[in-house]
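Residue-level structural notes
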Amino acid sequence: MPSFTLPQDAKPFARGLSAEVYAWEQGRILKLFLPHFPRFHADYEAMCSAVVSRCDLPVARLVERVDIDERHGLVFERITGPSGLEAIGRQPWRLLPVLHAMAQAQHRINQTKAPAEIHALHDILAHHIAHQKVLSEAEHDTILACLARLPRGDSLCHADLHPGQMILSPQGPVVIDWANAARGVPAADIARSWLLLRLGPPIENRWLGAVVRFGLALAGQAFLTMRLRLAARTVSKREVEAWLLPLLAARFYERVPGEEARLLRAIRHRLRQARPA
């Protein structure tokens, strides 16, 4: 595996909770994981990116796996164009077209059989739920029992699709960041995207937060309507909603700043609803 040193003047043009993204040689990009992220995260994303690229889907091609200054990195071909999130930020009236493109991309992904190397979504969620430290033992057991009752499947799931994970290239939308790819059922993948759209960023101002949450709820509902229409009655809203409880609990594992209290409220609300009268 090639090993490099990052130039001292290198500056990332994007940064997330797990990695920084740099311009790289020969028109490529480098996804460099933050120092505390273990090797298996990079190895799993590299494997997923490689096998998904053989599935006749519009994805960024993985060029190589590298180590840089004792950090793990992935080099991808660079896709020209803004992300869906950037497009919405610059031109808010493009929200619905971007959500529709996202729904179409997910539908195409879910129609693809997952390569055998990709992990089962049930196993990933069970691991994440087991390793969170927020829920009580009773809540933890109830949610794992709920997960066990949900159907397994062999559809390819991106499991983290939102407008920021889609590059609007001149040739059409390209889906990136396959770090959470899983084998499961379309309802679970739809639920994860619906949840991500509804969560949004934490906002301290009470009134601004209320306005933003209202807008996010509308965006989430618009996406869900589009996606279920594409599913042509093979997936119902009830099936999608059934996945929200384990997905909310697994979200703790990602340690997104400012989300813990909101997740806990949402989980306990759903647990109360599920409790027999």
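The structure under discussion appears in the preceding block.
The notes below deal with the structure included here. Everything quoted here is computed from the prediction, not taken from an experiment.

Rules used in this analysis
All residue numbers here refer to positions counted from 1 along the written sequence of the relevant chain. Totals for whole chains, interfaces and linings use all residues, but because this is a predicted model, local features are given only for residues with pLDDT of at least 70 and pairs of side-chain atoms are given and counted only at 80 or more. Remark: hydrogens and water are excluded; side-chain values derive from all non-hydrogen atoms of the structure. Only runs of H or I of at least four residues qualify as helices and only runs of E of at least two qualify as strands under DSSP, and these elements are numbered from the N terminus. The span one expects for a helix is its residue count, reduced by one, times 1.5 Å. Per-residue accessibility, obtained with a 1.4 Å probe over protein chains only, is compared with the maximum for each type, and a residue is labelled buried under 20%, exposed over 50%, and partly exposed between these values. By the convention used here, residues are in contact when the closest approach between their heavy atoms is within 4.5 Å. For two strands to be treated as a pair, DSSP must find at least two bridges joining them. Residues belong to one nonpolar core when they are buried, are Ala, Val, Leu, Ile, Met, Phe, Trp, Tyr or Cys, and are joined through side-chain atoms within 4.5 Å. Only centres within 6.5 Å qualify two rings of Phe, Tyr or Trp (six-membered ring in Trp) as a pair; their planes then separate them into stacked at under 30 degrees, edge-to-face at over 60, and tilted for everything else. Distance and angle both matter: a charge sits over a ring if NZ of Lys or CZ of Arg is within 6 Å of the ring centre and within 35 degrees of the ring normal. Interaxial angle, 0 to 180 degrees, is taken between N-to-C directions of lines fitted to C-alpha atoms, where a helix line uses only the stretch in contact. Note on angle classes: values under 35 degrees are labelled roughly parallel, values over 145 roughly antiparallel, values of 65 to 115 roughly perpendicular, and the remainder oblique. Definitions for this section: a left-handed crossing has its near helix turned counterclockwise from the far helix by less than a right angle. A right-handed crossing has that turn clockwise. Charged means Asp, Glu, Lys or Arg here, nonpolar means Ala, Val, Leu, Ile, Met, Phe, Trp, Tyr, Cys or Pro, and polar covers whatever is left, Gly included. Between N or O atoms, a polar contact is any pair within 3.5 Å; within protein, one atom must be a potential hydrogen donor and the other a potential acceptor, and residues adjacent in sequence are included only when both atoms are from side chains.

Look at helix α10 (residues 260–274): 21 Å from first C-alpha to last across 15 residues, which is about the 21 Å you get at 1.5 Å a residue. Within the sequence span of α10, burial applies to Arg262, Leu263, Leu264, Ile267 and Leu271. Where α10 is buried, its residues meet α5 (137–149), α6 (186–199) and α9 (244–251).

On to the environment of Leu96, then. With respect to the helices and strands, the residue Leu96 is situated in helix α3 (residues 95–110). Aside from chain neighbours lying at most four places away, what touches Leu96 is Ala222 and Met226.

To continue, consider the pairing of strand β6 (residues 71–77). The buried count for β6 comes to 6 of 7 residues, which makes it a mostly enclosed element. The pairing of strand β4 (residues 28–33) with β6 spans 5 bridges and is classified as antiparallel. The residue bridging Arg28 from the neighbouring strand is Glu77, located in β6. Two elements, strand β5 (residues 62–68) and β6, share 6 bridges in a ladder whose sense is antiparallel. Each bridged residue has a counterpart across the sheet, and for Asp67 the counterpart in β6 is His72. Hairpin connection, β5 to β6: the antiparallel pair is bridged by 2 residues, and Asp69 has positive phi, about 50°.

On to the nonpolar core, then. Looking at soluble globular proteins, one finds that nonpolar side chains tend to be buried together. Trp178, Val240, Trp243 and Ile267 are the most contacted members of the largest nonpolar core, which totals 65 residues. With 8 residues, α6 is the single largest residue contributor to this core. Each residue touching Val240, except ones within four places of it in the same chain, is listed here: Ala187, Ile190, Ala191, Trp194, Leu224, Leu228 and Val235. Core analysis: the second largest hydrophobic core is formed by 14 residues, Ala19, Phe33, Phe76 and Ile176 among them.

Using the criterion set out here, one finds 1 aromatic pair in the structure. Where Phe33 meets Phe37, the ring centres are 6.4 Å apart and the plane angle is 40°; that geometry is what we call tilted. Each member of the pair, Phe33 together with Phe37, is buried. Sitting over the ring of Phe13, Arg78 keeps its end group 4.6 Å from the ring centre. Lying across the ring of Trp194, Arg198 places its NZ or CZ 4.6 Å from the centre.

As a further point, take the packing of α5 against α10. The contact between α5 and α10 brings their axes to 12 Å, and the two run at 70°. Here α10 runs roughly perpendicular to α5, going by the angle between their axes. Crossing geometry of α5 relative to α10 is assigned as left-handed. Side by side, α5 and α10 meet where Glu139, Thr142 and Ile143 of the first sit next to Ile267, Arg268 and Leu271 of the second. Residues that form the contact of α5 with α10 fall into these classes: 3 nonpolar, 1 polar and 2 charged.

Turning our attention to unusual backbone geometry. Within the chain, Asp177 stands out as a residue other than glycine whose phi angle is a positive 60°. Of note, Asp177 is situated in the loop between β9 (172–175) and β10 (182–184). Its identity is not glycine, yet Ala232 carries a phi of approximately 50°, on the positive side. Among the secondary structure elements, Ala232 is positioned in the loop between α7 (206–231) and α8 (237–241). Ala232 gets classed as exposed once you look at its relative accessible area, which sits at 54%.

Another aspect to go through is the pairing of β9. Relative to β9, strand β8 (residues 166–169) is paired through 4 bridges, and the arrangement is antiparallel. Note on β9: the bridge partner recorded for Leu168 is Pro173. Turn length for the β8-β9 hairpin, with the two strands adjacent in sequence and antiparallel, is 2 residues.

This part is about the side chain of Arg65. Counting through the fold element by element, Arg65 comes out in strand β5. A distance of 3.1 Å separates polar atoms of two side chains, one belonging to Arg65 and the other to Asp43. Only 3.5 Å separates the side chain of Arg65 from the side chain of His72, close enough to count as a polar contact.

Treat this as a map of the structure, not an account of what it does.
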